[in-house]
Each structure stands twice: as C-alpha cells, then as structure tokens.
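Examining the three-dimensional arrangement
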Amino acid sequence: MKNQPLYKRLGFAWDGIKISWQTEKSFRFHVAATSFVILLLLVTRPAPLWWAILLLTCGLVLALELVNTAVEKLVDHLHPDLHPAIKITKDALAGAVLIASLIAVGVFAAFMGSLVGF
Ligand SMILES: Nc1ncnc2c1ncn2[C@@H]1O[C@H](COP(=O)(O)OP(=O)(O)OP(=O)(O)O)[C@@H](O)[C@H]1O
C-alpha cells in the first residue's frame, strides 16, 4: 500500500475526513464553525493577515479533530475495554482540541473587535 499515486492518496485522505464527518458530532460542529468564518471573511474582505490567522486557527482545530478521531478509533479497536492509559490518551486529545478551539474563539473575538473598530 506504500507509494500509491497522488489521486489515490488524496482519496484516502478524503475517506478519513468523511469518516470523521459521519461519526464525530464535534467534527461536524467545527466544520460548520469554519464555514461560517469563511463566509464572514468573504463578506467583510479584511486584510490578508486576518485571512491567514483565521484560516490557520480553524485549520488547526479541524486537523486536531481528525487526529482525535484517528487515535480514538485505533485505541478502541486495539483495546475495547476500559484502561487508565486510554483515559489519559483520550482526555489529552480532548484537551488538545479544547485548547485549539479556545485560541480560535480568541482570534475570532479579536477579528470581530477589529470590524467594529475596537
Ligand atoms: N477505554 C477507555 N478506558 C478508560 N477511559 C475511557 C475509555 N474510553 C473512554 N474513556 C473516558 O471517557 C471519555 C469519553 O470517551 P469517548 O470515547 O466517548 O470519547 P469522547 O471524548 O466522547 O470523544 P468524541 O466526543 O471525540 O467522540 C474519555 O475522554 C475518557 O476519559
């Protein structure tokens, strides 16, 4: 399965995004939030730096959601029973998504502030 053509690797990546969308409510929420931010960027047309910062922060949240899905699926498959190490793994992943989300909310608040001249 190594060194597949680019179009196949893109298909695998798309499959990963699709499975997260289908199984993770939190991922769907963050996709909706990102879509809203992109819409707002298109409407308000701010300086390019705002596009970069907002897209980077939203992208970070979505990427961490995908990592979260990947590790959760793997550990649940390898060890379906309860285990303290799995608790730490899942809680740490949830913490990573939470930190990235809080940063995204902070950046969004700063952007809204800049729109009203704050
Ligand atoms: N196998 C396990 N062993 C120990 N604790 C677990 C295990 N599975 C889940 N937990 C605990 O329950 C919490 C919720 O687990 P769950 O698998 O529902 O993930 P989640 O955080 O709801 O993820 P998501 O909402 O992203 O699907 C985890 O954060 C962890 O504290």
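Since this is a predicted model, take the numbers as computed values, not measurements.

Thresholds, definitions, all that
- Residues numbered from 1 in each chain as written.
- Predicted model: local features only at pLDDT ≥ 70, side-chain atom pairs only at ≥ 80, totals over all residues.
- Heavy atoms only, no water.
- Helix = DSSP H or I, 4+ residues; strand = E, 2+ residues; numbered from the N terminus.
- Contact = heavy atoms within 4.5 Å.
- UniProt positions renumbered as here; feature names shortened; annotations may be inferred.
- Buried < 20%, exposed > 50% of the residue type's maximum accessible area, 1.4 Å probe, protein only.

Looking now at the overall build of the protein. Scanning the protein from terminus to terminus reveals four helices and zero strands. The order of helices and strands in the protein, counted from the N terminus, is α-α-α-α. Projecting the C-alpha coordinates of the protein onto the three principal axes gives extents of approximately 55 × 40 × 20 Å. Within the protein, counting contacts between residues at least 6 apart in sequence, those at least 24 apart form 69% of the total.

This part takes up the UniProt feature "binding site: a divalent metal cation" (unreviewed entry) in the protein. Mapped onto this structure's residue numbering, the UniProt feature "binding site: a divalent metal cation" (unreviewed entry) falls at Glu 24 and Glu 72. Across 49 residues in sequence, these annotated residues keep their C-alpha atoms within 10.8 Å of one another, forming a single compact spot. Assignment of secondary structure puts Glu 24 in the loop between helix H1 (6-23) and helix H2 (25-44). For Glu 24, a relative accessible area of 16% puts it in the buried group. Among residues more than four places away in sequence, those in contact with Glu 24 are Thr 69, Glu 72 and Lys 73. As for its placement among the helices and strands, Glu 72 is situated in helix H3 (residues 48-78). Here Glu 72 is in contact with Glu 24 and Lys 90, once residues within four sequence places are set aside.

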